[in-house]
Amino acid sequence: MNKTVLSLAALIGLSATGGALAQGLDFNSLDANADGAISMEELQVAIPDLTPESFAMLDTDADGALSSEEFAALIPATEAPANTMEAPAVDGAVEAPLAQ
């Protein structure tokens with residue numbers, strides 16, 4: 001199940017709108033009717049290309065809506081990790097580039 005959610009989250013994260021989901025939309029802002037759940041239609045505001053099959057994978061209890069817990073499982077998987085690219089550590093002296 002976690003693989004399915006992570007795979008779906010990765011696809012959402014790669015979509016043009018998926019970044020917007022990870023960059024500030026929260027459960028309450030998507031729950032337009034304030035009923036305590038996010039319907040497929042409400043989630044499609046943030047992810048227009050969301051399919052019923054994809055939504056069903058996220059809706060783990062199959063009640064037709066995402067609970068705050070189901071939504072919370074999606075968000076960390078879609079957030080881009082911080083830039084961790086660093087220059088490799090160099091042991092010893094660093095050689096100067098050769099003059100040309």
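Right above here is the structure, for reference.
Residues numbered from 1 in each chain as written. Predicted model: local features only at pLDDT ≥ 70, side-chain atom pairs only at ≥ 80, totals over all residues. Heavy atoms only, no water.

In terms of helices and strands, the protein chain carries six helices and zero strands. Burial status across the protein chain gives 31% buried among its 100 residues. Taking the contacts inside the protein chain whose residues are at least 6 apart along the sequence as the reference set, 50% of them involve residues at least 24 apart. Carbon and sulfur atoms make up 58% of the accessible area of the protein chain, which amounts to about 6900 Å² in all. (Helix = DSSP H or I, 4+ residues; strand = E, 2+ residues; numbered from the N terminus. Buried < 20%, exposed > 50% of the residue type's maximum accessible area, 1.4 Å probe, protein only. Contact = heavy atoms within 4.5 Å. Areas by Shrake-Rupley, 256 points an atom, 1.4 Å probe, with all protein chains shown as cover.)

All right, on to the side chain of Glu70 then. Structurally, Glu70 can be placed in helix H6 (residues 68-78). The buried category is assigned to Glu70, whose relative accessible area is 8%. A distance of 2.9 Å separates the side chain of Glu70 from the backbone nitrogen of Thr60, its partner in a polar contact. Leaving out residues up to four positions away in the same chain, Glu70 has contacts with Leu58, Asp59, Thr60, Asp61 and Ala65. (Polar contact = N/O pair within 3.5 Å; in protein donor to acceptor, adjacent residues only side chain to side chain.)

Residues apart from glycine generally show negative phi values, whereas peptide bonds are mostly found in trans. With a phi close to 55 degrees, Ala34 is a non-glycine residue in the positive phi region. For Ala34, the position within the fold is in the loop between helix H3 (27-30) and helix H4 (40-46). Residue Ala34 is classed as exposed on the basis of its relative accessible area, which comes to 64%. Positive phi values are uncommon outside glycine, yet Ala62 reaches one of about 55 degrees. Mapped onto the elements, Ala62 comes out in the loop between helix H5 (52-58) and H6. What makes Ala62 exposed here is its relative accessible area of 66%.

Before going further, it helps to spend a moment on the nonpolar core. Judged by nonpolar contacts, the single largest core of 14 residues is most densely connected at Leu30, Ile38, Leu43, Leu50, Phe55, Leu66 and Phe71. Those elements that place two or more of their residues in this core are H3, H4, H5 and H6. Not counting residues within four places of it along the chain, the set of residues in contact with Ile38 comprises Phe27, Leu30, Asp31, Leu43, Phe55, Ala65, Leu66 and Phe71. (Core = buried A, V, L, I, M, F, W, Y, C linked by side-chain atoms within 4.5 Å.)

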